[in-house]
Amino acid sequence: METLQDGVRRESGWGRTADGTPVGRWVLDDGAVEVALVEHGARVQSALVPDREGERADVVLGFGELAPYAGKGRSFGATVGRYANRLARGRFRIEGVEHAVPVTDRGNALHGGLRPFSELLWTAHPVHGRRGVRFSLLSPDGDNGFPGALSVHVSYVLHDGALSVETVATTDAATVLNLTNHTYWNLAGEGSGTVDPHLLQVDAETFLPVDDTGLPTGEFRAVAGTPFDFRAPTPIGYHVQDDDPQLLAAKGYDHCFVLADEPGGERPASRAARVVEEVSGRTLEVWTDQPGLQVFSGGGLAGTLVGKSGTAYGPRSGLALEAQALPDSPNRPEFPSTLLLEGEEFRSVTEFRFGWA
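Below or above, wherever it landed, is the structure these notes cover. Everything quoted here is computed from the prediction, not taken from an experiment.

1. Digging into the overall build of the protein
So, step 1. Helix and strand content of the protein: 1 helix and 29 strands.
So, step 2. Relative to the globule expectation of 21 Å for 357 residues, the C-alpha radius of gyration of the protein, 19 Å, shows essentially globular dimensions.
So, step 3. Dimensions along the principal axes, computed over C-alpha positions, put the protein at roughly 55 × 45 × 40 Å.
So, step 4. Split into buried and exposed, the 357 residues of the protein put 58% on the buried side.
So, step 5. Of the roughly 14,100 Å² that the protein leaves accessible, carbon and sulfur atoms contribute 49%.

2. Here we look at the environment of Ser75
So, step 1. Relative to the elements of secondary structure, Ser75 occurs in the loop between β6 (56-58) and β7 (78-80).
So, step 2. Ser75 sits 179 residues away from Asp254 along the chain, and the two C-alpha atoms are 15 Å apart.

3. With respect to the pairing of strand β4 (residues 34-38)
So, step 1. Across the 5 residues that make up β4, a large majority, 5, are buried.
So, step 2. By the alternation rule, side chains of β4 split into Glu34, Ala36 and Val38 and Val35 and Leu37, which are all buried.
So, step 3. Here strand β3 (residues 22-29) pairs with β4 via 5 bridges, running antiparallel. Bridge pairing in β4 links Leu28 to Val35.
So, step 4. Linking β3 back to β4 in an antiparallel pair, the connection comprises 4 residues, with Gly31 at a positive phi of about 95°.
So, step 5. As defined by bridge partners, β4 adjoins strand β5 (residues 43-50) across 5 bridges and the pair is classed as antiparallel.

4. Description of the nonpolar core
The nonpolar side chains of soluble globular proteins are, as a tendency, buried together.
So, step 1. Within the largest apolar cluster, 59 residues are counted, with the highest numbers of intra-cluster contacts made by Tyr156, Leu293 and Phe354.
So, step 2. By size, the runner-up hydrophobic cluster in this structure holds 14 residues, among which are Val23, Val38, Phe76 and Leu301.

Rules used in this analysis
Residues numbered from 1 in each chain as written. Predicted model: local features only at pLDDT ≥ 70, side-chain atom pairs only at ≥ 80, totals over all residues. Heavy atoms only, no water. Helix = DSSP H or I, 4+ residues; strand = E, 2+ residues; numbered from the N terminus. Rg over C-alpha atoms; globule rule 2.2 N^0.38 Å. Buried < 20%, exposed > 50% of the residue type's maximum accessible area, 1.4 Å probe, protein only. Areas by Shrake-Rupley, 256 points an atom, 1.4 Å probe, with all protein chains shown as cover. Pairing = 2+ DSSP bridges. Core = buried A, V, L, I, M, F, W, Y, C linked by side-chain atoms within 4.5 Å.

Everything listed here is a matter of coordinates, which is why it stays silent on function.
As structure tokens, this is what we get:
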């Protein structure tokens, strides 16, 4: 492994794609936290975080080789796009022109079509003067049916025990865009069991109910008095198996929580969620400027994928906290717009702040 600058190393031959192209693995280390990133999918592969005794454990679900990431584990830790989450029937309109994206999940387009960003090889370079790596990708006009040639840069920067994910994108024609990071977290350590005992707090008053295909119904439902009330720290498993139609349809939590004060409004960067694992003392806070947080308790994990520790990932082995736009926004005028025009620049920052006490 080659050291490129202080706290930044690269392993050039960590894996190879099906056509033999080498895939690099980058390691960021600030002395307390160590994060590994992979060029395939511009993804988080591991995060070694200390507990209250100073013992580090890997808190990211993932794999020790490339093959699972190129198969059924494609979303693990990845940058998801062009359009994260769902587009109804894979269709949307821009200025009256209908565009179609291949449907991939129950009649809808999920996470960007047949070859989304999570399955592509990104180019990578160190971030000058910072402990970070910048991943870049050019998505051509018509990629998966999306209009406009899109240039995307995702920078991961590690500083003072926090991992910043900084995204910049531009297009040469009007398009829609929703990018997120799809890391599964388990603060007790990947492969240690379910996240049911983790205490979750989500700073949201409303969430988006979904239909039986995972699409939002359009309702902004108050969390008060429902199993979706995480305004105070609550074990993830406390209500996850309740006889609630929304939980049953999603095999637990797979819902977008609305972070903006007003359903259609913007929000400044602020805390969206906090997770506590009481045995180790590890904590994770998510700070973002995005209007929504998709909380996915991993109910779809079925034990068919074996992680780095040699343990199969069963239901609720990890928790994904995906800061993003609201699902199906191009088809929902009441949701904040995800339209990106030529000459505009999309910018967003999400930060994962680790703690141990």
